[in-house]
2 protein chains.
Amino acid sequence: MSINEIAKHLKVSKSTVSLVINGKAEQARISQSLAKRILDYVEEIGYKPNALAKSLATGRSNTIGLIVENIGDSFFGPIALYIEEYLRPYGYHVLYSSTLGDLDLARTILTAMVDKKLEGLILAPAMGQEDQVLQLLGSKTPLVIFDRRIPQIPTNYVGTDNYTASKKAVEHLLDRGFSEIGMITIDSEQPQMRDRLRGYHEIVELQQKEKSILTLPYRMVLAERMESIKQFLVDNPQLDALYFSTNYLCVSTLKVVQSLQKDKAYGMLSFDDHELFELLNPTVSCMRQPLEAIAKEVVTTLMTQINNPDAAFRETIIPSDLVIRHSSQ
Amino acid sequence: MSINEIAKHLKVSKSTVSLVINGKAEQARISQSLAKRILDYVEEIGYKPNALAKSLATGRSNTIGLIVENIGDSFFGPIALYIEEYLRPYGYHVLYSSTLGDLDLARTILTAMVDKKLEGLILAPAMGQEDQVLQLLGSKTPLVIFDRRIPQIPTNYVGTDNYTASKKAVEHLLDRGFSEIGMITIDSEQPQMRDRLRGYHEIVELQQKEKSILTLPYRMVLAERMESIKQFLVDNPQLDALYFSTNYLCVSTLKVVQSLQKDKAYGMLSFDDHELFELLNPTVSCMRQPLEAIAKEVVTTLMTQINNPDAAFRETIIPSDLVIRHSSQ
DNA sequence: GTGAAAGCGCTAACAG
DNA sequence: CTGTTAGCGCTTTCAC
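Chain A carries the name LacI family transcriptional regulator in an unreviewed UniProt entry, which gives Sphingobacterium pedocola as its organism.

Written as C-alpha cells, this is what we have:
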C-alpha cells in the first residue's frame with residue numbers, strides 16, 4: 001500500500017507515481033496513458049498517501065495549532081469553529097488545546113506544538129508565557145496572538161478594543177442614570193482584563209464616583225465564586241449597577257441575585273454576549289465582541305505571515321458593539 | 001539542530017544520541033559519562049526532536065482525531081474539553097474538526113484524518129457516513145463512535161439512553177398535569193433524535209393523546225427556524241406543553257414565545273441542559289446528559305482498544321438525569 | 001558499549 | 001518523458 005509497491009507493481013519508478021498522484025503529470029510531461037494506468041491502479045487498490053511521510057519530506061504538516069483557555073466556553077468555542085472554517089479553504093487542519101489558564105500546562109502544550117512542526121500557531125497566551133512566546137518568535141514559526149496581547153512584545157495580534165469598549169460600557173450605565181457602579185472582574189493581570197478595568201477606573205474617576213471592584217481568580221469553583229460575589233454585594237449596599245469584565249461572571253452574579261431573592265434590581269452590563277442574555281428577565285445588556293470577525297482576521301493574519309514570512313507584524317483591533325437591552329435601562 | 005548534527009559535533013553516532021535522548025542509555029549500556037555529555041549538549045543547544053520524523057519512524061503520531069458536529073456548541077464544546085483532559089495523561093493531542101452536519105464535509109474530514117495516520121478516532125458521525133465508517137473499521141484504526149450510534153454496525157459506542165430518557169421526560173410532563181404535549185425536534189433521521197422521538201411517540205400513544213410534532217432541518221438560519229416554530233404554535237393552540245429534542249430548539253422557542261408576548265405559559269422540558277436554563281423565568285427543566293462521564297468513557301473505551309486491538313467492541317449507555325425546574329411544574 | 005546501516009513513505013533534483 | 005538518487009529526521013537491529 002505504499003508508493004513503492006505501486007511503482008513495483010506497475011514497473012515504473014516511485015517518482016513517476018508520485019508526480020502523477022500529485023497532479024504533476026502534465027508538467028513532468030508524463031504520457032497520458034501511463035498517467036491513467038497509474039491513477040486507475042491507485043483507485044483500484046484505494047491507495048492513500050501517508051500524510052506523515054509527505055509532511056516529513058515536504059516540511060509541511062498542513063496543520064495549524066490553536067491554543068485557547070477553554071475550548072468549551074462560549075467565547076473560545078465559537079471562535080474555534082470559525083477559525084476552522086476559515087482555515088479549511090487553505091487545506092489546514094486544527095490541532096487544539098485548552099490551557100485552562102494554567103501556566104505549566106500552557107508551556108507544555110506550546111512546546112509540544114512547536115515540536116510537531118506545525119505550520120502556524122494561533123495563541124491566546126496564558127499569564128507568564130511571555131518568555132516562551134519571545135523564544136518562539138525567534139524560531140520563525142508563523143504566529144498570531146489573539147484575545148490577550150502580550151505587552152512589550154511585537155507580534156501579530158488580533159483583539160478587541162478592550163479599554164475603549166469598557167469606557168463606553170460604563171459611560172452607558174452612567175448615562176442611563178445609574179450612579180454607583182461596581183465592577184466584577186477576574187485575574188486582573190491579564191492584559192485584556194486590565195484594559196477593561198482601566199476603562200472602568202477612568203470613567204468612574206472622571207465622575208468622581210466611588211469605585212467598588214471585586215476581583216476573582218480564574219479557576220474558582222462556582223460555589224466559591226458565588227459566595228464571594230454575595231459577600232461583595234452585601235458589603236456594598238450602595239451599588240445600583242454592576243459591570244462585568246466577562247460574561248460568566250455576570251451569569252454567576254445572576255445566580256447569586258436569584259438565590260438572594262431580594263427584589264433589588266441592579267443595572268447590569270457584561271463584557272461578551274451570551275446566547276441567553278436576551279431571554280433573561282430583564283434581558284442583559286452587553287459589549288459584544290464580533291467573534292466571527294475576530295476569527296476571520298486571525299486567519300487572514302496567519303495566512304499573510306505564512307505566505308510572506310518577512311512581512312511586518314500586523315495588529316488588528318476589532319471594535320466591540322454595545323448591545324443595549326433591558327438590564328441597563 | 002538535528003540528531004545528526006549532534007552526533008557529528010560530539011563525534012558519536014546517531015543511534016547513540018537517539019538512545020540517550022530516549023532514556024535508553026541504561027539498557028543499551030552506554031557509559032554514564034557519554035550519556036551525560038550528550039544530554040548536556042542537547043540541553044545547551046536546546047535541541048528538540050522533530051516529532052514528525054519520530055512519528056514516521058515509530059508509526060505513532062500521538063494524536064487522536066475528534067470529529068463532532070460543532071465544536072462551538074454547548075454539547076460538543078465541553079465534551080471536547082473533557083476529552084482533551086482525559087487524553088492528556090496518555091500523552092495524546094487532539095486534532096478536531098466540525099462537520100456542521102454536512103455529509104460531504106464529514107467524509108472529507110474523516111478521510112483526511114485517516115490519511116494522517118492518527119492513533120485513534122473519536123467520531124460523532126454525520127448521517128450517511130455509515131459506509132465510510134464500515135470501511136474504516138476494516139482498517140483497524142481504533143475508533144469510538146459517540147452521541148449517535150450507527151445502527152447495524154457494531155462498533156465501540158458511548159451515548160446516553162435516548163429512548164428511555166425521552167420516555168421519562170414525556171411521562172414527567174404528563175405527571176405534572178400537562179395533557180397536550182407537542183414535540184419539537186430536528187433532522188429525525190439521526191439515530192439519537194429518532195430514539196428521542198420514539199420515546200415521545202410511545203408515551204403519548206399510551207395515553208391516547210394527540211401527537212403534534214414539528215421537525216426542523218439542522219442548519220436552518222435562526223429567523224427561519226423561529227418562523228416555523230411560531231407557525232407550529234399558532235397551528236396547535238391546544239398545546240399546553242412542549243418537549244424539545246435538544247436545547248437550542250428550546251432556546252429558539254423561548255425567543256419565539258418572548259416575541260409573541262402572549263401570556264400563555266407552556267410547560268417545557270428540553271433534552272440537554274443549558275448553562276442559563278436555571279436563570280430563566282421560569283427556570284427550564286431538562287434531561288441532562290452527563291457530559292464529563294460521556295467524555296471519560298469515550299477515552300477509556302478508546303484506550304482499551306488501542307492497548308488491545310482485538311478486544312470486543314464495547315458499548316456504553318450512560319443514563320441522563322431528569323432535572324426538574326419550574327417550567328414543568 | 002558503540003556505531004553502521006537499513007528503513008519509515010514520500011518528494012524533488014537531476015540525468016538520461 | 002522516465003528513472004535514479006539523495007534526502008527529510010528519527011528508530012532500531014545487529015555486528016564489532
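Attention shifts here to the protein's contact with DNA strand C. Near DNA strand C there are 26 residues, and of these A:Ile3, A:Lys14, A:Ser18, A:Tyr47 and B:Arg29 occur at the shortest range. Here, DNA strand C places atoms within 4 Å of the protein, and 65% of those atoms are sugar or phosphate. Within the backbone of B:Ser31, one N or O atom sits 2.7 Å away from a phosphate oxygen of DNA strand C. Elements that contribute at least two residues to the surface near DNA strand C include exactly helix 2 (14-21) and helix 4 (51-58) of chain A together with helix 2 (14-21) and helix 4 (51-58) of chain B. Among the elements that line the surface near DNA strand C, the one with the most residues is helix 4 of chain A, at four residues. Of the residues in the surface near DNA strand C, the class split is 11 nonpolar, 10 polar and five charged.

Here we take up the protein's contact with DNA strand D. Looking at DNA strand D, there are 26 residues lining it, with A:Arg29, B:Ile3, B:Lys14, B:Ser18 and B:Tyr47 nearest. Each atom of DNA strand D within 4 Å of the protein was classed as base or backbone; sugar and phosphate made up 61%. Within the backbone of B:Asn50, one N or O atom sits 2.9 Å away from a phosphate oxygen of DNA strand D. Among the elements of the structure, helix 2 and helix 4 of chain A together with helix 2 and helix 4 of chain B are those that each provide at least two residues to the surface near DNA strand D. Counting residues per element, the surface near DNA strand D draws most heavily on helix 4 of chain B, which supplies four residues. Here the residues of the surface near DNA strand D are counted per class, giving 11 nonpolar, 10 polar and five charged.

Residue and element names in this part refer to chain B. The N-to-C vectors of helix 1 (residues 3-10) and helix 3 (residues 32-45) enclose an angle of 125 degrees; their axes lie 11 Å apart at closest approach. Compared by their axis directions, helix 1 and helix 3 come out oblique. Crossing hand, helix 1 versus helix 3: right-handed. Here Ile-6, His-9 and Leu-10 of helix 1 lie close against helix 3, whose contacting residues are Arg-37, Ile-38, Tyr-41, Val-42 and Ile-45. Residues that form the contact of helix 1 with helix 3 fall into these classes: six nonpolar, one polar and one charged.

This part is about the side chain of B:Gln129. Residues and elements named next belong to chain B. Along the chain, the position of Gln-129 falls in the loop between strand 3 (120-123) and helix 7 (130-138). Given the relative accessible area of 0%, Gln-129 is considered buried. Reaching out from Gln-129, the side chain makes a polar contact with the backbone oxygen of Ala-106 at a distance of 3.1 Å. Of note is the side chain of Gln-129, whose polar atom sits 2.9 Å from the backbone nitrogen of Ala-126. In contact with Gln-129, other than residues within four places in its own chain, are Leu-103, Ala-106, Arg-107, Leu-110 and Leu-123.

Moving on, we come to the interface of chain B and chain A. Between chain B and chain A, the contact holds 50 residues from the first and 49 residues from the second. Note on chain B versus chain A: buried area summed over both sides is about 4,500 Å², and carbon and sulfur give 62% of it. Per-residue buried area on chain B facing chain A is highest for B:Leu52, B:Tyr96 and B:Leu279; these three make up 16% of the total on that side. Applying the counting rule to chain B against chain A returns two salt bridges. Of the charged contacts, one joins A:Glu278 and B:Lys255 as a salt bridge, the two residues approaching to 3.0 Å between their closest N and O atoms.

To continue, consider unusual backbone geometry. Cis rather than trans, the peptide bond between A:Asn281 and A:Pro282 has omega equal to 0 degrees. Here A:Pro282 shows up in the loop between strand 9 (267-271) and strand 10 (285-288). Positive phi is not limited to glycine here, since B:Lys117 has a value of about 55 degrees. Assignment of secondary structure puts B:Lys117 in the loop between helix 6 (103-115) and strand 3. In this model, B:Asp147 sits at a positive phi of 70 degrees, which is unusual for a non-glycine residue. Tracing the chain through its elements places B:Asp147 in the loop between strand 4 (143-146) and strand 5 (156-160).

Conventions and cut-offs
- Residues numbered from 1 in each chain as written.
- Chains lettered and ligands numbered in written order.
- Predicted model: local features only at pLDDT ≥ 70, side-chain atom pairs only at ≥ 80, totals over all residues.
- Heavy atoms only, no water.
- Near = heavy atom within 4 Å.
- Polar contact = N/O pair within 3.5 Å; in protein donor to acceptor, adjacent residues only side chain to side chain.
- Helix = DSSP H or I, 4+ residues; strand = E, 2+ residues; numbered from the N terminus.
- Nonpolar A, V, L, I, M, F, W, Y, C, P; charged D, E, K, R; others polar.
- Axes fitted to C-alpha atoms, helices over the stretch in contact; angles between N-to-C directions.
- Parallel < 35°, antiparallel > 145°, perpendicular 65-115°, else oblique.
- Left-handed = near helix turned anticlockwise from the far one by under 90°.
- Contact = heavy atoms within 4.5 Å.
- Buried < 20%, exposed > 50% of the residue type's maximum accessible area, 1.4 Å probe, protein only.
- Buried area = accessible area lost by both parts, 1.4 Å probe.
- Salt bridge = Lys/Arg side-chain N within 4 Å of Asp/Glu carboxyl O.

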